[in-house]
Amino acid sequence: MSESGDDDRTLGLDFSNIEDDLENEEYPISADELLERYGDREIGMSDGSESFREVLVTGGDEEFESADEVRQTVLNRVGSEAVGRKGYTDRGAGSAEGEDSDESF
């Protein structure tokens, strides 16, 4: 998932409890099969964790073509509170008053 291979966190979500299984799964696979196999696994979030079943929240006969598609679906379905501080940036925009925001590093 990451270039270093040791980071299972994607946009604030921690998939480490399920990442290897998703990568090694045979695709395509139905949402029902994924939930049957991994529904009780935990997905870490900035404010705790939820089960894979809670965050996948499927609406029927959904099928996935890859582990990336499963992760993207989870990311699309979790609430904004799950992925960290809203509006956070480390780019210097919105720096504290009195700081020189034109400084380049």
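Residues numbered from 1 in each chain as written. Predicted model: local features only at pLDDT ≥ 70, side-chain atom pairs only at ≥ 80, totals over all residues. Heavy atoms only, no water.

Notes on unusual backbone geometry
Then comes step 1: For the peptide bond that leads from Tyr27 to Pro28, omega is 0°, which places it in the cis range.
Then comes step 2: Looking at where Pro28 falls in the secondary structure, it is placed in the loop between α1 (19-24) and β3 (29-30). (Helix = DSSP H or I, 4+ residues; strand = E, 2+ residues; numbered from the N terminus.)

Some thoughts on the pairing of strand β4 (residues 42-45)
Then comes step 1: When β4 meets strand β5 (residues 48-51), the two strands line up antiparallel, connected through four bridges. Across the sheet, the residue bridging to Glu42 is Ser51, located in β5.
Then comes step 2: Where β4 folds back onto β5 in an antiparallel hairpin, the turn is made up of two residues. (Pairing = 2+ DSSP bridges.)

A short note on the nonpolar core
Then comes step 1: With 20 residues, the main nonpolar core has Leu13, Leu34, Phe52 and Val74 as its most contacted residues.
Then comes step 2: Elements that contribute at least two residues to this core include exactly α2 (31-38), β4, α3 (52-56) and α4 (67-77). (Core = buried A, V, L, I, M, F, W, Y, C linked by side-chain atoms within 4.5 Å. Buried < 20%, exposed > 50% of the residue type's maximum accessible area, 1.4 Å probe, protein only.)

A few points about the confidence of the model for the protein chain
Then comes step 1: Counting all residues, the mean pLDDT for the protein chain is 76, and 61% of those residues have values of 70 or more.
Then comes step 2: Below pLDDT 50 for its whole length, residues 1-9 participates in 14 contacts with residues either more than four positions away or in separate chains. (pLDDT = per-residue confidence, 0-100. Contact = heavy atoms within 4.5 Å.)

A short note on α2
Then comes step 1: Listing the buried residues of α2 in full gives Ala31, Leu34, Leu35 and Tyr38. Axial view of α2: buried residues confined to an arc of 95°, hence all on one face.
Then comes step 2: Those residues of α2 hidden inside the fold are in contact with α1, β3, α3, β6 (63-64) and α4. (Arc of directions from axis to C-beta.)

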